[in-house]
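One-letter residues, chain by chain:
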Amino acid sequence: MEETLAKIRIHTSSSLPHQKKPASLLAAFETTFKEQKTEPSPTAYFAALLTTLDGTVQRKEISLNDGDILPAELYLLALVAPFVPSPVIRTNLSNILAFTAPLFPSLLDHAPALRSQLSLYQFVLVSLDRPQLETPGIRQAFASILQLSVDPRPKVRKKATEVVKNVLCKPPSPSLVHPYAERVAEWSRSALMEVNKNVLSKSKGDSEGENAIHLLAFLKPTISKFPPSVIVICLTLSALTGLLLNLPRLGNPYISQTSYAILSDLFSQSYENSALVFDENILLQVLKIVLTFPPAKTDITLASSWIQLLGNAMVSYSAAYSVACAAQVGLVWKTLWPFLESSSAPVRKATVHSLDLLTRCIVTGDASASNLIDIVAQVSKALTSVAHTRAIPDLLSLTSALLTNVYGKGKCELDGVANQRLLALVTQVGNLRTEKGFEYKEASDGTLSTAMRLLGPEVLLEILPLNLEPEDRQAGLEPRAFLLPLLVQPHPSPLSHFVSYFVPLSERMFDLQQKAETEGRQSEAKVWNVLISQTWAGFPAYCHGTPNLKDIMNASFSQLVSQLLYGQPELRSAVLRGLRLLVESNVSLANSVPDTLNPSGITSVRAEQNVLFLQAQAESWLAVLFNVFGSVSRDARGQVGDVITAWAGITSEQEIHKAYIKVLDLFKGNIGKTSTSAKQPRNDEENLSSTALDLLLLLLPYLSSSDMTALFQICLSQEVLCAKDNAIQKRVYKTLTKLAESGKITVDSEAVLKELDAISERLTSAAKKDRFNLFAALIPLIPSSAMHLIPPVIPEAVLGTKETSDKARNAAFELIIAMGQKMSQGGVVKRNMLEEMDEESAVEATATIDEYLTMVAGGLAGSTPHMISATITAISRLVFEFRDALTNTMKNEIFITLIVFLSSANREIVKSVLGYIKLSIHTYPIDLIQPHLKELVAALLTWSHDHKNHFKSKVRHIFERLLRRFSWEEVYSAAGEEEASKVLVNIKKRKERAKRRKANKNEDDEEKVPEPQGTAGEAFEDILYGSESEVDATDDDEEIVGGIRSQSRAKSKNQAQGMRLRVDDDEPMDLLQGVASRITGMSSNRRRKPGQDAAHFKTDEDTGKMVIDQSDEEEDALRQAANDFSGTAYRESISSVDGFTRGPNGRVKFNKDTKKRRRGDEDLDMMDIDESDLSRNKQKRKASAKLGHEFKAKRAGGDVKKGGMDPYAYLTLSQASKKGGGRKSRIGVASKK
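None of these values were measured; they are calculated from a predicted model.

(A) Expanded view of the overall build of the chain. Scanning the chain for helices and strands turns up 56 helices and 10 strands. Counting all 1233 residues of the chain, 44% fall into the buried class. Within the chain, contacts between residues separated by at least 24 positions form 69% of all contacts whose residues are at least 6 apart in sequence. Just so you have it, the chain exposes about 64900 Å², and 51% of that area is on carbon and sulfur atoms.

(B) A look at helix H41 (residues 806-824). The end-to-end C-alpha distance of H41, which contains 19 residues, comes to 27 Å, matching closely the 27 Å that a straight helix rising 1.5 Å per residue would cover. Residues of H41 that are buried include every one of Ala 808, Ala 811, Ala 812, Phe 813, Leu 815, Ile 816, Ile 817, Ala 818, Met 819, Gly 820, Lys 822 and Met 823, and no others. Looking at the buried side of H41, the elements it contacts are helix H39 (768-778), helix H40 (794-800), strand E1 (828-830), helix H42 (849-857) and helix H43 (865-881). Where H41 terminates, the next one or two residues include Gly 826, which has phi positive at roughly 95°.

(C) Region of interest: the state of the cysteines. The full count for this structure, using the stated rule, is 0 disulfides. As a non-bridged cysteine, Cys 361 has Cys 325 as the owner of its nearest cysteine sulfur, 4.0 Å distant. A relative accessible area of 1% means that Cys 361 is categorised as buried.

(D) Representation of helix H27 (residues 522-537) within the structure. Given a rise of 1.5 Å per residue, 16 residues ought to cover 22 Å, and the 22 Å separating the end C-alpha atoms of H27 matches this to within 8%. Three or more residues of H27 are buried, namely Ala 525, Trp 528, Asn 529, Leu 531, Ile 532, Thr 535 and Trp 536. Burial along H27 is one-sided: seen end-on, the buried residues are contained in an arc of 165°. Those residues of H27 that are exposed and aimed more than 90 degrees away from the buried face are Ser 523 and Lys 526. At its buried positions, H27 is contacted by helix H25 (470-474), helix H26 (495-518), helix H29 (555-567) and helix H30 (569-590).

(E) Seen up close, the packing of helix H1 (residues 2-9) against helix H2 (residues 17-35). Taken N-terminus to C-terminus, the directions of H1 and H2 make an angle of 120°; their axes are 8 Å apart at the nearest point. With respect to H2, the axis of H1 lies oblique. Judged by residue contacts, Leu 5, Ile 8 and Arg 9 of H1 engage Pro 22, Ala 23, Leu 26 and Glu 30 from H2. For the contact of H1 with H2, the per-class residue count stands at 5 nonpolar, no polar and 2 charged.

(F) Up close: the pattern of salt bridges. What the rule picks out here adds up to 19 salt bridges. We note a salt bridge from Arg 521 to Glu 524, for which the minimum N-O separation is 2.5 Å. Look at Arg 521 and you get partly exposed, because its relative accessible area is 31%. Taken together, the salt bridges that share partners define one network made up of Glu 519, Arg 521 and Glu 524.

(G) A look at the packing of aromatic side chains. Applying the stated criterion across every chain yields a total of 16 aromatic pairs. Note on Phe 498 and Trp 536: the rings are 5.0 Å apart at their centroids and 75° apart in plane angle, and the pair reads as edge-to-face. Taken together, the residues span a long stretch of sequence, with Phe 498 in helix H26 and Trp 536 in helix H27 at a distance of 38 residues. When its relative accessible area of 0% is taken as the criterion, Phe 498 is described as buried. With relative accessibility at 3%, the residue Trp 536 sits in the buried group. An angle of 45° between the planes, with centres 5.4 Å apart, marks the rings of Phe 498 and Phe 539 as tilted. Note that Phe 498 is positioned in helix H26 and Phe 539 in the loop between H27 and helix H28 (549-552), a separation of 41 residues in sequence. For the pair Phe 498 and Phe 539, one class covers both residues: buried. Taken together, the aromatic side chains of Phe 498, Tyr 501, Phe 502, Trp 536, Phe 539, Tyr 542 and Phe 557 make up a single cluster linked through ring pairs. Looking at Arg 883, its charged tip hangs above the ring of Phe 880, at a distance of 4.5 Å from the centre.

(H) Geometry of the packing of helix H34 (residues 688-699) against helix H37 (residues 726-742). Contact geometry of H34 with H37 gives a least axis separation of 9 Å together with a crossing angle of 15°. Here H34 lies roughly parallel to H37, going by the angle between them. By crossing handedness, the relation of H34 to H37 is classed as left-handed. Residue-level contacts link Ser 689, Ser 690, Leu 693, Asp 694 and Leu 697 of H34 to Ala 727, Ile 728, Arg 731, Val 732, Lys 734, Thr 735 and Lys 738 of H37.

(I) Focus on the environment of Leu 16. Along the chain, Leu 16 turns up in the loop between H1 and H2. With 51 residues separating them along the chain, Leu 16 and Gly 67 place their C-alpha atoms 8.1 Å apart.

(J) Quick look at unusual backbone geometry. Residues other than glycine seldom take positive phi values, yet Ser 592 does so here, at roughly 55°. Note on placement: Ser 592 falls in the loop between H30 and helix H31 (604-631). Looking at Ser 592, the relative accessible area reads 53%, which means it is exposed. Residue Asp 595 is not a glycine yet carries a positive backbone phi of 65°. Mapping Asp 595 onto the fold places it in the loop between H30 and H31.

(K) Seen up close, the nonpolar core. Among the nonpolar cores identified, the biggest contains 314 residues, and Leu 565, Trp 647, Leu 756, Tyr 852, Ile 917, Phe 959 and Leu 962 are the most heavily contacted of them. Top element by residues in this core is H31. It accounts for 12 residues. With near-sequence residues (within four places) excluded, Trp 647 lies in contact with Leu 579, Val 583, Leu 614, Gln 617, Ala 618, Trp 621, Leu 622 and Leu 625.

(L) Molecular detail of the environment of Val 352. Here Val 352 shows up in helix H19 (residues 345-365). Spatially, the C-alpha atoms of Val 352 and Ala 391 are 9.8 Å apart, while their sequence positions differ by 39 residues.

(M) Local environment of the confidence of the model for the chain. Residues with a pLDDT of 70 or more make up 73% of the chain, whose mean pLDDT is 77. Here helix H52 (residues 1037-1055) is the element of the chain with the lowest mean pLDDT, 43, and H27 is the one with the highest, 94. Per-residue pLDDT stays below 50 along residues 229-236; that stretch engages in 11 contacts with residues further than four places along the chain or on separate chains. Note on residues 1166-1184: pLDDT under 50 across the span, and 7 contacts to partners over four residues away in sequence or across chains.

Scoring rules and cut-offs
- Residues numbered from 1 in each chain as written.
- Predicted model: local features only at pLDDT ≥ 70, side-chain atom pairs only at ≥ 80, totals over all residues.
- Heavy atoms only, no water.
- Helix = DSSP H or I, 4+ residues; strand = E, 2+ residues; numbered from the N terminus.
- Buried < 20%, exposed > 50% of the residue type's maximum accessible area, 1.4 Å probe, protein only.
- Contact = heavy atoms within 4.5 Å.
- Areas by Shrake-Rupley, 256 points an atom, 1.4 Å probe, with all protein chains shown as cover.
- Expected span 1.5 Å × (residues − 1).
- Disulfide = S-S within 2.5 Å.
- Arc of directions from axis to C-beta.
- Axes fitted to C-alpha atoms, helices over the stretch in contact; angles between N-to-C directions.
- Parallel < 35°, antiparallel > 145°, perpendicular 65-115°, else oblique.
- Nonpolar A, V, L, I, M, F, W, Y, C, P; charged D, E, K, R; others polar.
- Salt bridge = Lys/Arg side-chain N within 4 Å of Asp/Glu carboxyl O.
- Phe/Tyr/Trp six-rings, centres within 6.5 Å; stacked < 30°, edge-to-face > 60°.
- Lys NZ or Arg CZ within 6 Å of the ring centre and 35° of its normal.
- Left-handed = near helix turned anticlockwise from the far one by under 90°.
- Core = buried A, V, L, I, M, F, W, Y, C linked by side-chain atoms within 4.5 Å.
- pLDDT = per-residue confidence, 0-100.

Rendered as structure tokens:
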């Protein structure tokens, strides 16, 4: 509410009466609140406005002109009402009705005041309970609002419709349907009947036509809110359906389109909500009437709505009467099919969507019906038809929808004929994909991807073989390598198919790769390598709930997978994903986890059997995965660790204990070696100790309590915790943290903290983050009687906020907050247990957040600026985090203390204090800052001219925040000196200038440009570092707008491109079959084709290398120069000092003697001096610039390769073969001009 009212207060000096009056009234209310010491709450504003409105009505000051009191009161009431609690509105309902209901007649002629009244009643109606909604005054007011929803004024009509919709959306508890919904439905039916009685004409002045348009605009957002659960209302909806069907007969295009859209929404709601069921006769009547009046194919707007209505009506029909609906599918399909020939893409898209809905009706009604066979045949024929050339992408989408509806989840089995026809259609799409001139490869890939997902590779590869091996190529079969990338999606084929088909295929391709590498055909070897990678990339898709897992995961296949993990790094990622999915999918299916992929359709019992079988192999697989984990690089260990975690989750406790002992022995055996040889450079992956710790971290969640306790004691020993290796220290601290957070072991926090404090000097910088995390895990475990353990940790945590590592700083802040939360929970601080504590002060203290902040503030007495700055930063974070728990006394003491540090000469300290000041202005109440405003402003102004560390901009931003919370007069009066006050005046001018610039931009911009949204970070950092000065706005809006306009023009230009047939003079065209491969777009000739740059050059038949010959461009350049010289004389006669021109009457006018013309003549004279030598030297200099000269080194002899030096510069072919483009000179491929 405060933000809303702040936008009103600024208009107290406005020259517009309708803006100034509400602002003045609001100022009067707030002055009264201050005098009476009343809190300016929403209830207080609401009560004051009702009282003022009562006085206005009693005085009969009901004038509604601009600047009158009544419109201002209604406007403020509408603004305040959303923030008023509902009980307050229910309690004052009688007063609200008494003051506002009689105003409806007088408000009808004044739209602004009427809209305010409607906004007020919207929140009043939403706040009432059911008995109050039956009050006569409320019912009459709602009836008035309902009539205003068809008001001729657009803003009033829109507001009334919004009120009705919002009221129906929020029924009173516990009702699910608003009691006014039936009344709105009945009113809508009556209004429709009234409109249908009148014959609408197309004239613009027809009032009845306008009434119909307004009524439909009201029904479109509100009809979905009618209660479908009541039978009477369902009958009303049926009546509405009949009335809406009569409107399109009246010839108004907008009315027809809106009527179709409303009916379409009704039917879509009926099949989504089972409570809403239409009568079968009603549905048949709708279909009959809609089919009788089809729109023209050229009517883009009306056709889309009409087509969508047919599709939704059929689905609604099928949901209730599936058998009867199946009999109507053929007729509706024939009616919709011709619209696929439309030239409008939206019409074709709507047609495909409706045909998709029809196929659902077929499958639901009778899967083996002859309609399905006819439909498949029609789609197959259209793919080769000239009439459907532009609709080929839509036909491919329709094919995908057909496959989804037939073979999708829960569908019926097909008979042999229908199944063969569908598979033949998929084969046709696959053959189109391999044709040379087919341009819709992406759309066909989408259809084939759907087939792969629904049918599986086992079925699809039988009808569309891959044909990748040399024998297939020799037989003239077209390869289908594009099917391999489609294997990655889940499908129903079992894992046995991969083992029997793809494993032998990958072995044969591997042999071909080895042979190609041996014979020196590196390009061919690379192709086979890619094909092998794509083959194994499909392995994880076979691992979703495999039914025959016991037969496949035998010793031979497990050995093959293990060898791939060890010896094939390129295939390792896919194999690891498969092993992980093998476990996770079966575990999820066994536990009946919802939304788990189950393409094979196995039961939970079978999944449990698979899990038991995998559990028996877990020990062997963990050993393999441990070895792989130790052999891969550090960056690749994350994926291996995920697989280890998955397999460890199903491993028995005994096997986990055995694995833990082995890894722990490995760690113990190498920790001594690492400690003694820490000075020698070693790679992290070669350090067995760190590898063992990583494995222990992975096994840690599955260890028993006894193993966890033993591991905690081992990691806490000085030999391990003080290892000189950074990697080991980091992992040990991380292990201790996870053990402390697990909750399975009992941790003596006092002993652990003392042990950690004793070894703090041997801590490496890389392990600080993990040490802070360990402290944060131990702090909540401290008993309330041992709060004296917290103060020794504070200095280390405070200094951690100044670490160079971002993660370490965040961990230090989290530790500081954790200690504050622990202190705020209460307890006893035994000061006599603290070191260096005076005997007088060594008394017990109660643990509070104020006491903790006092402890932290002790760092302000530090001996180094670094410590003082870190303490101020820590205090800032604590003040923000515990702003509601801190007492005002503590806030005041901190504020007074830190203002003093603004006079420090150390910039590091001042920078931290500025951050605190910025945060305190945002967080503290105004009353707390007000007494110190003069000292604060004076201290800030001392840094207002300092540019180092951005102090000037920081101070300016702080002043901007001050001006948001305090008035200009208060801040300006605190400045004091004239020189200092100039800074504030400058800030004020800059702010006003920025507002004017922003307002001008908003007025000039024709279309709204979306502002870039910032990333959401932590609230503390957003306050401390974010929301920079609002006067530093950029002026790039015009560029953005220009970019958007150019993009929109380019988009519209591309959309305007049509389709055409590509003619091949060498081959006659058959327009009856195979036409899909000859469809091309208008911009296809401008599209870059693969290999077009290489086609400019000859090829050496022996070596296969391209030969770049010298071109004749030098002669062309000389010829062009001669042509240029012939035109130079004429230009010189016009532009030189001695030249002249002739006027209209033939009089000669000599050129003026200017510096520009003299400089041009001097340049020409210089060119005449020794022209032959100069031109020769110039050509010689230009000729030295060879192709690729920018890559040439001064001393190098070429690129170093195995065979020696390679004296070539490698450029793109497009750079070597590009045309001149009309330029005067360029460097050609033969290093000539």
